[in-house]
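What follows is the residue order along each chain.
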Amino acid sequence: MKKKTTNWFFSISAAIIFLLTACIISLVSGSAGIPVSKIISIFLEGKGTAEYSILFDIRLPRIILGFAIGGGLSLAGVILQGMFRNPLVEPYTLGISGGAALGVSLCIILKLNQFLPNVALPLSGFFGSCLVVLAVFFLHTQKRVFTVEGLLLTGVMVSFISSSLVMLILSISRTEELHSIVFWIMGSLAEPSWAFIITVFVVSLLCLLLSYFFSLHMNALSLGEEEAIHLGINTERMKKQLLLIASLLTGISVSVAGLIGFVGLIVPHFVRILVGYDHRALIIISFFCGAGFLIFCDTIARTIISPIELPVGVITGILGGSIFVYILSRKSFFKAGDRS
Amino acid sequence: MIRIDHLTCGYGSKIVLDNITLEIHKGEFVGIIGPNGSGKTTIMRAITRLIKPITGTIYLEGINVSSLDYKELAQKIAVVSQNFPVMAMSVREFVLLGRIPYYNKFQFLESEKDLAIAENAMVMTDMIKLEDSYMSEMSSGEVQLAFIARAITQEPSLLLLDEPTAHLDITHQVGVLDLIKRLNRQYGLTVLIVLHDLNLASEYCDRLVLMNQGQIENTGRPEEVLTYGNIEKVYNTVVVVEKNPISGKPFVLVVSEEVKRKCER
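Rules and cut-offs
- Along each chain, residues carry numbers from 1 onward, in the same order as the chain's sequence is written.
- Here the convention is simple: chains get letters from A, ligands get numbers from 1, in the order in which they are written.
- Residue-level local features of this predicted model are given only where pLDDT is at least 70; pairs of side-chain atoms are given and counted only at 80 or more, and the full residue set underlies all totals for whole chains, interfaces and linings.
- Helix and strand definitions here come from DSSP, where helices need a minimum of 4 consecutive H or I residues and strands a minimum of 2 consecutive E residues; each element is numbered from the N-terminal end.
- Every radius of gyration here is taken over C-alpha atoms, with the globule rule written as 2.2 Å times N^0.38, N being the number of residues.
- Each residue is classed by its C-beta neighbour count within 10 Å, where at least 20 other C-beta atoms makes it buried, 12 or fewer makes it exposed, and intermediate counts make it partly exposed; the C-beta atoms are placed from backbone geometry.
- Residue pairs are scored as contacts if the distance between their C-beta atoms, which are placed from the backbone, is within 7 Å.
- By definition, pLDDT measures how confident the predictor is in each residue, and it falls between 0 and 100.
- Ten residue types, Ala, Val, Leu, Ile, Met, Phe, Trp, Tyr, Cys and Pro, are classed as nonpolar, four, Asp, Glu, Lys and Arg, as charged, and the remainder, Gly among them, as polar.
- To estimate the expected span of a helix, subtract one from its residue number and multiply by 1.5 Å.
- An arc is given here, and it is the one of the directions from the helix axis to the C-beta atoms.
- DSSP bridges decide pairing: two strands pair if at least two such bridges lie between them.
- Axes, fitted as lines to C-alpha atoms, cover a helix only where it is in contact. Angles between the N-to-C directions of the axes lie from 0 to 180 degrees.

Visitor: Hey, could you run me through the overall build of chain B in this one?
Guide: Scanning chain B for helices and strands turns up ten helices and twelve strands. Against the 2.2 N^0.38 benchmark of 18 Å for 265 residues, chain B shows a C-alpha radius of gyration of 20 Å, consistent with a compact globule. Taken over 265 residues, chain B has a buried fraction of 40%.

In structure tokens, the structure reads:
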């Protein structure tokens, strides 16, 4: 037992080191090269210098946002994969992203963003995702039994419907609108205001704290629903609460940063291969790894062909996917992965 | 211990148990037998509140089970069910899951007491030598023992088992049932067990409940229930009932169609 807690300690420390490394790399890289050694002296000199504002007004907000969204999305992934006992489920499977995309497309095509610049897009995205979650939820509480399979199917279908509606909107919209919708869909951490950054940050950390209270119950749920009930868990209530947490995380991330795919699918999967099924470690480590991964991908996205910035969703997909395929193809890891 | 009072329940509109009344006393070892689909497993599921009764009540130590929450129920009743999840966890971790009903809201790590109870359960079931092996890498006999160890870790007063000997060879069948008997005799654990094998049921149970089409056909000591007439009526099969020369309990032999035809000639 001592061994287990020490293992967790080392894994969590490793995840934090990974996260900090990603933060520092992100802080020092960019078109204006600032070496690591100078960061502290720039900070001490205080406001006023151009380097200070590059570091703390441009790069730091992105890092905080990347932390909150990367962590939040992979936490939502851990929760949903644990709940559905299906490693292919991700935060976007339940149609939350589709709803947000629909909300944003409507907002752009109805030109609402001209009345309320900055605020309109995130808000409509959030309303869109809320609407979808409520629809999925409502369709399910109608029935007496809250089965996960049914929930999954409803989510996938709602997701299809909303993405078809987005296609419909795309097909009838004009070029400049098309461009802004497509760019939003690809996802980016650029230019949200501090208010949004802090909201996402707080929500993300609160959800991490909340979901930790479910970690033991999620361990039991991984044996199956009946087994979990036999171990004294009110699975109906727990599933609803977990679904709400995951939806809130996904909805708020998507509405601020657009569709950043893959983090919520790959990071939990990857962490599960490395540290095992136990949610008491899995939740924390996935959060930190997801945060570090997204910050790292964002750094690449804004530096690789600068001054042009790539959509970060493209980088997460290419990088995450290839790392994962490489790991799966290595035999020793595959055996460990089999167990998960 | 547990009293089932005029219970009717089922799945959706299909009624599986029809007006069942059954009482199980503290310290008893009761076996439920009956053909497939006669409602054996459904009784178990009703007791653990997996399905809600349509009419009737189940009392656990005098308390209506539907007024207990799942956690309280799990502290009193442990279940060894038929479903075998293949899990990537070690035996020790799996057995420790049995302590979940006892954790308080702000507890995330097992206490020394939890560890000692789990350790003791693994010693009793002889799983301690396998504590670091993975559940997914063990034979079905070992998995069954791990399930029983987890059930013991729950410190229940009632143990429900749903065909714990299915798919096991006779060594493991006897091993598992001897273990359950020991728990029953030494620790006073009340046992309710569903068994398909009539001979095992006859050897191990103090009392048998014979189910037929959602109703209790007969209940009593094995020699009272396992008679030629009862079995032929419920199972619709020709059998021979003899007495085990050592234990004096009845045992049931089947007769194949070919042999039956030979006899008729």
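Visitor: Could you clarify how one ought to interpret the overall build of chain A in this entry?
Guide: Helix and strand counts for chain A stand at 16 helices and zero strands. Relative to its full complement of 340 residues, chain A shows a buried share of 47%. At a minimum sequence separation of 6, the contacts of chain A that also span at least 24 residues come to 77%.

Visitor: How should the confidence of the model for chain B be read in this particular structure?
Guide: Any region with low pLDDT has predicted coordinates that should not be read closely. Here chain B averages 89 in pLDDT, and 98% of its residues register 70 or above. Both scores are given for the predicted complex: the pTM is 0.87, the ipTM 0.86.

Visitor: In this structure, what is going on with the interface of chain B and chain A? I would like to understand it.
Guide: How big an interface is tends to be expressed through the accessible area that disappears when the partners come together. Counting residues at the interface gives 24 residues for chain B, matched by 22 residues for chain A. Of the residues contributing to the side of chain B that touches chain A, the split by class is 16 nonpolar, five polar and three charged.

Visitor: Can you help me understand the environment of Val-312 of chain A in this one?
Guide: Residues and elements named next belong to chain A. Relative to the elements of secondary structure, Val-312 occurs in helix α15 (residues 312-329). By C-beta crowding, Val-312 is classed as buried, having 30 other C-beta atoms within 10 Å. Sequence separation between Val-312 and Ser-188 is 124 residues; the distance between their C-alpha atoms is 5.5 Å. Discounting chain neighbours no more than four positions away, the residues touching Val-312 are Gly-187, Ser-188, Leu-189, Ile-260, Cys-297, Asp-298 and Ala-301.

Visitor: Whenever I open this one, helix α6 (residues 170-187) of chain B confuses me. Can you help?
Guide: Think of an α-helix as turning once every 3.6 residues; residues three or four places apart then point the same way. All names here are of chain B. With 18 residues, α6 extends 25 Å from end C-alpha to end C-alpha; this agrees with the ideal 26 Å at 1.5 Å per step. Among all positions of α6, only Gln-173, Val-176, Leu-177, Ile-180, Leu-183 and Asn-184 are buried. Down the axis, α6 shows its buried residues gathered within 110 degrees of arc, on one side only. Exposed side chains of α6 directed beyond 90 degrees from the buried face belong to Ile-170, Thr-171, Asp-178, Arg-182, Arg-185 and Gln-186. At its buried positions, α6 is contacted by β3 (29-33), α5 (140-153), β7 (158-162), β8 (190-194) and α7 (198-204). Looking one or two places after α6, you find Gly-188, whose phi comes out positive at around 70 degrees.

Visitor: Please clarify how the sheet that holds strand β1 (residues 2-11) of chain B should be interpreted in this entry.
Guide: The strands that make up a sheet pair up through hydrogen bonds in the backbone, lying either parallel or antiparallel. Residue and element names in this part refer to chain B. Strands sit in the order β2-β1-β4-β5 across an open sheet of four strands; the sheet is antiparallel. The two strands at the open ends of the sheet, each matched to only one other strand, are β2 (14-24) and β5 (63-64). Bridge count between β1 and β2: seven bridges; the pairing is antiparallel. Across the sheet, Leu-7 pairs through a bridge with Ile-20, a residue of β2.

Visitor: Explanation requested: helix α8 (residues 175-186) of chain A in the structure shown.
Guide: Residues and elements named next belong to chain A. Its twelve residues place the ends of α8 17 Å apart at the C-alpha level, agreeing with the 16 Å of an ideal helix rising 1.5 Å per residue. For α8, the full list of buried residues reads Ile-181, Trp-184 and Ile-185. The arc that holds the buried residues of α8, viewed along the axis, is 100 degrees, so those residues lie on one side. Residues Thr-175, Glu-176, His-179, Val-182 and Phe-183 are exposed on α8 and point more than 90 degrees away from its buried face. Among the residues trailing α8, Gly-187 stands out with phi positive, at a value near 85 degrees.

Visitor: Help me out: how do you make sense of the sheet that holds β7 of chain B in this one?
Guide: Residues and elements named next belong to chain B. Reading across from one edge, β6-β7-β8-β3-β9-β10 is the order of the six strands in this open sheet, with mixed pairing throughout. Either end of the sheet is taken by a strand with one partner, and the two such strands are β6 (77-80) and β10 (215-220). Within this sheet the neighbouring strands show an average axis-to-axis angle of 15 degrees, counted without direction. Contacting β3, β6, β7, β8 and β9 (207-212), helix α1 (residues 40-47) runs over the sheet at an angle of about 145 degrees to β7.

Visitor: Where do I start with the confidence of the model for chain A in this structure?
Guide: On average, residues of chain A score 83 in pLDDT, and 93% of them reach the 70 mark or higher. Predicted confidence is poor over residues 333-340 of chain A, with pLDDT under 50, and the contacts of this stretch with residues over four places away or in other chains come to 13 contacts.

Visitor: It is not clear to me how the pairing of β3 of chain B should be interpreted in this structure. Could you clarify?
Guide: Consecutive residues of a regular strand have side chains that alternate between opposite faces of the sheet. Residues and elements named next belong to chain B. When you tally the buried positions in β3, you get five out of five residues, the bulk of the element. Every second residue of β3 is oriented toward a common face, with Phe-29, Gly-31 and Ile-33 on one face and Val-30 and Ile-32 on the other, all of them buried. Where β3 and β8 come together, four bridges link them in parallel fashion. Its bridge partner being in β8, Phe-29 is matched across the sheet by Val-191. Pairing geometry for β3 and β9, over four bridges, is parallel. Counterpart to Gly-31 in the pairing with β9 is Leu-208.

Visitor: So what exactly am I meant to see when it comes to the environment of Met-135 of chain B here?
Guide: Residues and elements named next belong to chain B. Relative to the assigned elements, Met-135 resides in the loop between α4 (112-124) and α5. Assessed through the 22 C-beta atoms surrounding it within 10 Å, Met-135 is described here as buried. For the pair Met-135 and Lys-76, spaced 59 residues apart in sequence, the C-alpha separation works out to 25 Å.

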